[in-house]
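Fold and geometry: a report
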Amino acid sequence: MTVTNMSMVQYGWKQALMSQISIIVFSLAAAFFRQYYSYIILLFFIIYFVAMAKLNKAKASKGKVSVEDLQKAKKFIEEKNAREIMMEDKEISKDMADQMNTMKTMMLPSLIVMIYFFTLWKYVPSIGDTLSSYVSDHSIAFFLAFLLYFEGSFIISWVGRIFLIRRAGHLVTINMPTSYTVTDKGILVGGIIGQQPIPFPLNDDVEVNYSEKRRFVEVVQRQGRNVIKTRFYTKNPKRLYEIIQRYGLKKDTRESG
């Protein structure tokens, strides 16, 4: 098993463990504050989708650097309108089609979970009442009812995700910043909700590729069957590639490549 695959297995088990802890906490809260159980279920529902969104993201670097640090760092390239270069890429339509297939595949378990949540939530008190005839403590009976309810969503999401990923093969996600600044300390990526830093050096398992024909450089991460690409369109892809090779990769990674 490679280092990348081992990290993916550990990552998956960590997510499963955090999910189980959350399920127990929310089940206890719903059982002991039954008058607010509908609000607790809604809160769980919101947190579930936020967690799923984060699950599909990955950091190219474990380093820590602030936006202010990158703004003060030595600047090499500043691309304010990468969209213009992107629109000249004649092969981008195929990439976008693959991206849409990935989104459809990953959204299906979430859609099923949504239907599950809003269809069965009103039956949870009835299940609690039924369990009360087998369990002496009423609160414990309702705890078990909510535990079954939340575990159902976890099983649907987890099993559905594994099944769809295996069926689809590699799922490719491509992030294409429309503006960014490259410095000797990292890359500052512009976005709708503000600037996001990508510190140097990048993780050991990150690959850096470039295409002079299509004029972009890609930072590629592989997490099991998930492939996450951050694509930087630029007027001079070879120069950007060399900058990332020099400042963004650790010395042993550069030598092995």
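Residues numbered from 1 in each chain as written. Predicted model: local features only at pLDDT ≥ 70, side-chain atom pairs only at ≥ 80, totals over all residues. Heavy atoms only, no water.

**Description of the pattern of salt bridges**
A complete count under the given rule lists 11 salt bridges for this structure. The closest approach of N and O atoms between R215 and E88, which form a salt bridge, is 2.2 Å. Of this pair, R215 sits in the loop between β6 (207–211) and β7 (216–223) while E88 sits in the loop between α4 (82–87) and α5 (92–120), and the two are 127 residues apart along the sequence. Taken together, the salt bridges that share partners define one network made up of D89, E91, D95, K213, R214, E218, K229 and R231. (Salt bridge = Lys/Arg side-chain N within 4 Å of Asp/Glu carboxyl O. Helix = DSSP H or I, 4+ residues; strand = E, 2+ residues; numbered from the N terminus.)

**Looking at the nonpolar core**
Membership of the largest hydrophobic core comes to 26 residues, with the highest contact counts inside it found for Y180, I187, L202, F232, Y233, L240 and I244. Counting residues per element, the ones that place at least two in this core are β1 (75–79), α4, β3 (180–183), β4 (186–189), β7, β8 (226–233) and α8 (237–248). Aside from chain neighbours lying at most four places away, what touches L240 is I77, Y180, V182, V217, F232 and T234. Judged by nonpolar contacts, the second largest core, of 21 residues, contains A30, Y116, F143 and F146. (Core = buried A, V, L, I, M, F, W, Y, C linked by side-chain atoms within 4.5 Å. Buried < 20%, exposed > 50% of the residue type's maximum accessible area, 1.4 Å probe, protein only. Contact = heavy atoms within 4.5 Å.)

**A short note on α5**
Given a rise of 1.5 Å per residue, 29 residues ought to cover 42 Å, and the 42 Å separating the end C-alpha atoms of α5 matches this to within 8%. When the local axis directions of α5 are compared, the greatest deviation, roughly 30°, occurs at M107, which is followed within four positions by the proline P109. (Expected span 1.5 Å × (residues − 1). Bend = angle between axes of the 7 residues up to and from the residue.)

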